[in-house]
Amino acid sequence: MKPIKVLIATPEAIPFAKTGGLADVTGALPKVLKGLGCDVRLIMPFYRQIQESGEKNEIKDAGIQVSVPLGFRELNVPVFQSSANNVPAYFLKRDEYYDRKYLYTMPDGDYFDNAERFILFSRAVIEAIKKLNFKPDIIHCHDWQTGLISTFLKTIYKNDPFFADTKTLFTIHNIAYQGQFPKSHFQLTGLPPDVFTPDGVEFWGNMNLLKAGIVFSDIVTTVSEKYSKEIQTPEFGYGLEGVLQAKKGNLFGVLNGVDYDDWSPEKDKFIIAKYDYKDLSGKAKCREDLLKEYKLSLPDDAPVIGIISRLADQKGFDILSEAMENLMAMNLGMVVLGTGEKKYHELFEGLAKKYPKKLGVKITFDNKIAHKIEAGSDMFLMPSKYEPCGLNQIYSLKYGTIPIVRATGGLDDTIQDYDAKTGAGNGFKFKEYSSAALVKKIKDALCIFADRKEWKKLAQKAMQQDFSWEMSAKRYVELYERLLTKGIQ
Ligand code: ADP
């Protein structure tokens, strides 16, 4: 059989540009798909970060440019290229839109022209691959920024022979981020007016780009089985539950995998001592190093709880804030790495001043420190209100850093509550979204931590679990094949 040609269209991917888990996914998935025999390429905007990483990533001019309609204008978009893990990557350059400090959001809010930026990107993807003469069997789109790609293909390009055999798969990484814009922006798309209806891109009078991706793509996936069910309910669907229910037959949950080349204590290039499940002595050194990094002083019998997160309500910072005084009275230490809402910056920095020996807070985005936290912590806390998949709890397992999570989305799918009687389970999990439930679960974890032999056994078991990309990527290939052979239901 001929290799399946897959184009990954994404607003971010490592090693080029990252704001969160999406970049980890679109960075790792292409190389595994390639290993499974697909002919994969990646396409994304040419952000400032990518320009600045030019030397490291060997970025070259691809020697082509495309003319892209945007409202009443035609914009020239030059294409640049590089590769990562032997997967070709293309970058669409338009400096007034992408040569900026941040990808989508500044500390005080979203860029005012995000609609324009990503309408242009979606249309330019289509024009660029035509010009590159890469005729994909599948365009695998990620999040609202790519929502219009399938919409264009099903409307403006529906009779274009180049795309006659192209199918689209759209992955939702977080349904709360929908790319909603006032109706006035619709004219920028150049789409026929009948697309602006409740069956199309219209959503309560606005244009909704995530909805566009859901409605017009052939298959929709999201990043865990549990989340694929949750988003069909009013509690988690953010108004799109009905649209998703209508798509039910073509909606699937595919759990994200982990790239263990980047995230394992055996290979991690950022940590002071490597270790594995057979010999955990390196982990103790990593803990010392982490405490030094955060200038904390803790007795040996106090566990370090790590947090790496966007500081947002979604991640459970409201219930955590309520619980902090209670937690600081316990025999434990805590290290926090994150950026996000200002109220949490201030709150956590204030608490760190109050508890300088026990609580360390760094308000920054720093990959190296993230790795040090995974290796040096004893426990990892994710009390999320909702969590489509979550990656850090899965990284934590590999580092023998036991996750304490709330039972939602991917956290619920990957973590089983520890049962001291049977030894079953790989972490600690609470159901109710409240600071009381969170505190109680941390107390449970502290009890088990006190028995160092039992804790070590639990850590060793966690470290041997396998969430590598192989399985998830195979599932995507199955879905691609289903689209190419059986079509959609
Ligand atoms: P999100 O909802 O933010 O995408 P995920 O758990 O899916 O959450 O992925 C978050 C990714 O971003 C992980 O790789 C995590 O280590 C990383 N990350 C989040 N905040 C920071 C930070 N402040 N510094 C470094 N890495 C971070």
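This section reports on the structure supplied with the text. Just so it is clear, the structure is predicted and the values come from calculations on it, not from any experiment. Sequence order sets the numbering: in each chain, residues are counted from 1 along the sequence as written. In view of the model being predicted, local features appear only for residues whose pLDDT reaches at least 70, and side-chain atom pairs are presented and counted only at 80 or more, with totals across whole chains, interfaces and linings using the full set of residues. Derived side-chain values reflect all non-hydrogen atoms in the structure, with water molecules and hydrogen atoms excluded from consideration.

### Remarks on the sheet that holds strand 19 (residues 402-406)
Right, on to step 1. Only strands that DSSP links by at least two bridges are regarded as paired with each other. Only DSSP runs of H or I reaching four residues or more are called helices, and only runs of E reaching two or more are called strands; each is numbered from the N terminus. Taken in spatial order, the six strands line up as 17-16-15-18-19-20 in an open sheet, and their pairing is parallel. At either margin of the open sheet sits one strand with a lone partner, and together these are strand 17 (359-362) and strand 20 (428-430). Direction aside, neighbouring strands of the sheet carry axes that sit 15 degrees apart on average.
Right, on to step 2. Taken together, the two bridges between strand 15 (residues 304-311) and strand 18 (residues 379-382) define a ladder with parallel strand orientation. Within the sheet, the bridge partner assigned to G306 lies in strand 18 and is F380. Think of each axis as a best-fit line through the C-alpha atoms, taken over the contacting stretch in the case of a helix, with angles from 0 to 180 degrees between the N-to-C directions.

### Re the packing of helix 16 (residues 435-450) against helix 17 (residues 452-463)
Right, on to step 1. Where helix 16 contacts helix 17, the axes come no closer than 5 Å and their chain directions differ by 110 degrees. Comparing their axes, helix 17 and helix 16 come out roughly perpendicular. Of helix 17, the residues touching helix 16 (which contributes A445, I448, F449 and A450) are R452, E454 and W455.
Right, on to step 2. Only Asp, Glu, Lys and Arg are considered charged, only Ala, Val, Leu, Ile, Met, Phe, Trp, Tyr, Cys and Pro nonpolar, and every remaining residue, Gly among them, polar. Here the contact of helix 16 with helix 17 is built from residues that sort into five nonpolar, no polar and two charged. Small angles under 35 degrees read as roughly parallel and large ones over 145 as roughly antiparallel, with 65 to 115 read as roughly perpendicular and the rest as oblique. We call two residues in contact when some of their heavy atoms are within 4.5 Å.

### Let's talk about the packing of aromatic side chains
Right, on to step 1. Here a pair means two rings of Phe, Tyr or Trp (six-membered ring of Trp) with centres within 6.5 Å. Their orientation is stacked below 30 degrees between planes, edge-to-face above 60, and tilted elsewhere. Across all of its chains, the model carries 19 aromatic pairs by this definition.
Right, on to step 2. Their ring planes at 45 degrees and their centres at 5.7 Å tell us that F317 and Y344 sit as a pair that is tilted. Here F317, found in helix 11 (residues 317-328), pairs with Y344, found in helix 12 (residues 342-354); they are 27 residues apart in sequence, far enough to count as distant.
Right, on to step 3. Buried, partly exposed and exposed residues are distinguished by accessible area as a fraction of the type maximum, computed with a 1.4 Å probe on protein chains only: under 20%, between the cut-offs, and over 50%, respectively. Take F317: its relative accessible area is 2%, and that puts it in the buried class.

### Points about helix 11
Right, on to step 1. Over its twelve residues, helix 11 extends 15 Å from the first C-alpha to the last, a length consistent with the 16 Å expected when each residue adds 1.5 Å.
Right, on to step 2. When we look at burial in helix 11, the residues that qualify are F317, I319, L320, A323, M324, L327 and M328. On an axial view of helix 11, the arc spanned by its buried residues comes to 155 degrees, and they lie on one face. Every helix has an expected span of 1.5 Å times one less than the residues it contains. The arc in question is formed by the directions pointing from the helix axis toward the C-beta atoms.

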